[in-house]
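As a plain string of letters, each chain reads:
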Amino acid sequence: MIKVGIFGATGYTGVELMRLLSKHEKVKIEYISSQSYAGKSIADVYPSLTGFYDISLDDVEVEKAVSKCDVVFTALPAGYASKIAREAVKKGVKVIDLGADFRFDDYSTYKEWYGGEYDGYDGIKRAYGLPEIYRDSIKEADVVGNPGCYPTSVILGLVPLLKEKVIDGNIIIDSKSGISGAGHSPSQKNIYAECNESIRAYNVANHRHVPEMVQELSKASGEKVSVVFAPHLTPMTRGILSTMYCKLRENLNQEEIYEVFAEFYKNEYFVKVLKPGAYPSTKNVYGSNFCHIGFEVDKATGTLVVMTAIDNLVKGASGQAIQNMNIIFGLEEKTGLDIVPVYP
Ligand SMILES: NC(=O)c1ccc[n+]([C@@H]2O[C@H](COP(=O)([O-])OP(=O)(O)OC[C@H]3O[C@@H](n4cnc5c(N)ncnc54)[C@H](OP(=O)(O)O)[C@@H]3O)[C@@H](O)[C@H]2O)c1
């Protein structure tokens with residue numbers, strides 16, 4: 001059995017890790033932490049887990065976690081994982097960080113967008129945790145920087161097109177996210193009366209996920225890609241729908257675009273390329289680790305509109321983190337994740 005620890009088990013991504021891992025046949029959870037609920041049983045904090053776990057929350061105690069576990073997930077705000085990771089790596093414990101600390105190739109990009117005190121990752125073998133692109137380096141990594149939720153939806157939709165030079169490198173992205181993307185701490189922006197029956201844009205053109213998208217899309221393209229990103233908060237609990245407007249380099253038709261996606265993802269269980277004319281919906285991936293991709297060619301303007309749907313808490317966070325754990329430990333990638341989306 002793989003012995004697992006979760007720092008931040010009481011957050012939305014932490015409790016989603018616990019939900020998914022409850023059915024993972026090769027895992028035993030040995031340590032879970034909370035800042036506010038130390039000493040309580042997880043089922044008292046999240047009654048949805050009643051009957052699945054008999055384990056209580058600890059304070060953040062890195063030494064204790066590292067001595068008990070083979071791998072730790074850090075589901076914490078940005079800036080906290082780097083210190084935990086250093087201690088874990090010294091003891092040969094793998095780290096999968098759901099925050100932003102290990103997503104950047106260049107530490108200065110992290111510093112510019114996230115600021116704060118951060119240890120950096122000199123001497124740590126890290127990988128960007130998007131399995132469909134980086135499976136080989138994830139296998140070798142000490143620490144995996146699990147991608148952001150918006151970047152997951154965007155990168156999966158654009159990498160095949162950029163690699164094949166089907167589109168140019170100026171891309172406009174409109175994304176819509178469910179409220180759970182903001183985590184479980186209440187704020188005026190995410191209370192019911194503010195969100196219900198309302199959609200609003202936020203952090204347009206300066207969201208922290210932009211540099212992550214630019215890093216990965218530029219690597220796929222081989223040239224610097226520029227991104228205009230407009231995220232929106234929508235009145236749903238889970239899900240991200242990203243709509244991406246791209247200029248076609250050549251006059252390709254629907255079937256040819258389909259072939260590009262189908263060929264790139266032909267061996268990928270969690271990425272489903274929809275047939276031409278079918279569009280993705282967050283409802284069709286709800287509670288699952290799938291990413292659905294659809295597209296439409298606008299012949300009049302030479303624009304390719306790509307649409308992707310994921311569940312922000314699963315393929316956008318905890319499901320992808322478990323997919324990464326499965327890769328690191330040589331398990332079949334879909335172990336614990338082979339779940340039909342909840343519908344309706
Ligand atoms: N939500 C998403 O859809 C999503 C998707 C992808 C990535 N992420 C990233 O994943 C990470 C966790 O996100 P989340 O949405 O699960 O956040 P969240 O719901 O706000 O939960 C944060 C967790 O961290 C703990 N925590 C907060 N401050 C702490 C501190 N100073 N010391 C120790 N523990 C502390 C909290 O403990 P208590 O609440 O018990 O005090 C809680 O367990 C973030 O970096 C986020 O950006 C989130």
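Residues numbered from 1 in each chain as written. Predicted model: local features only at pLDDT ≥ 70, side-chain atom pairs only at ≥ 80, totals over all residues. Heavy atoms only, no water.

**Q** When you look at the layout of surface pockets in this model, what are you seeing that I'm missing?
**A** Approximately 1600 Å³ is the volume found for the largest pocket. Lining of the largest pocket is provided by 47 residues; of these, Leu76, Pro77, Gly181, Ala182 and Gly183 occupy positions nearest its centre. If you list the elements that add at least two residues to the lining of the largest pocket, you get α1 (12-21), α7 (149-163) and α11 (314-328). In terms of residue class, the lining of the largest pocket is made up of 20 nonpolar, 23 polar and four charged. When residues of the lining of the largest pocket are sorted by domain, at least three fall in each of domain 1 (2-124) and domain 2 (150-312). Val15, Glu16, Arg19, Ser48 and Arg238 are the residues nearest the centre of the second largest pocket, which is lined by 15 residues in total. Grouping the amino acids of the lining of the second largest pocket by side-chain chemistry returns seven nonpolar, four polar and four charged. (1 Å grid on protein atoms, 1.4 Å probe; cavity = no way out; pocket = protein on both sides within 12 Å on 5 of 7 lines; lining within 4 Å. Points joined across faces, edges and corners; volume = space filled by probe spheres on them. Helix = DSSP H or I, 4+ residues; strand = E, 2+ residues; numbered from the N terminus. Nonpolar A, V, L, I, M, F, W, Y, C, P; charged D, E, K, R; others polar. Domains from an automatic or database assignment.)

**Q** Teacher, can you tell me more about the site of the ligand here?
**A** Taken together, 27 residues lie around the ligand, and Thr10, Thr13, Ser34, Ser36 and Leu76 are the ones closest in. In this structure, a nitrogen atom belonging to the ligand sits 3.3 Å away from a side-chain N or O atom of Gln35. The separation between a nitrogen atom of the ligand and a polar side-chain atom of Tyr80 is 3.1 Å. In isolation the ligand offers 900 Å² of accessible surface; the protein chains occlude 85% of this area. Most atoms of the ligand, that is more than half of them, are within 2 Å of grid points of the largest pocket. Put simply, the parts of the chain that give the shell around the ligand at least two residues each are α1 and α11. When the residues that make up the shell around the ligand are grouped by side-chain class, the tally is twelve nonpolar, 14 polar and one charged. Two domains each put at least three residues into the shell around the ligand: domain 1 (2-124) and domain 2 (150-312). (Near = heavy atom within 4 Å. Polar contact = N/O pair within 3.5 Å; in protein donor to acceptor, adjacent residues only side chain to side chain. Areas by Shrake-Rupley, 256 points an atom, 1.4 Å probe, with all protein chains shown as cover. Sits in = over half its atoms within 2 Å of the grid points.)

**Q** I would appreciate a short explanation of the UniProt feature "domain: Semialdehyde dehydrogenase NAD-binding" (unreviewed entry) in the protein in the present structure.
**A** Those residues carrying the UniProt feature "domain: Semialdehyde dehydrogenase NAD-binding" (unreviewed entry) are residues 3-141 in this numbering. As a span, residues 3-141 carries 35% helix and 16% strand, and end to end its C-alpha atoms are 18 Å apart. (UniProt positions renumbered as here; feature names shortened; annotations may be inferred.)

**Q** Got a minute to help me understand empty space enclosed by the protein in this structure?
**A** Vacant regions in the atomic arrangement are exposed by a probe of water-molecule size rolled over the atoms. Under the counting rule described, the total for this entry stands at one cavity of 30 Å³ or more. Taken as a whole, the largest cavity spans an internal volume of roughly 40 Å³. Every residue lining the largest cavity is listed: Ile179, Glu194, Cys195, Ser198, Arg200, Leu233, Thr234 and Pro235. For the lining of the largest cavity, a count of residues per class yields four nonpolar, two polar and two charged.

**Q** I'm lost on unusual backbone geometry in this one. Help?
**A** It is generally the case that most residues other than glycine have a negative phi and that most peptide bonds are trans. Across the junction of Tyr343 and Pro344, the peptide omega takes the value 0°, indicating a cis bond. Assignment of secondary structure puts Pro344 in the segment after α11. A positive phi is found at Lys165, a non-glycine position, where the angle reads about 60°. Lys165 sits in the partly exposed class, given a relative accessible area of 34%. (Buried < 20%, exposed > 50% of the residue type's maximum accessible area, 1.4 Å probe, protein only.)

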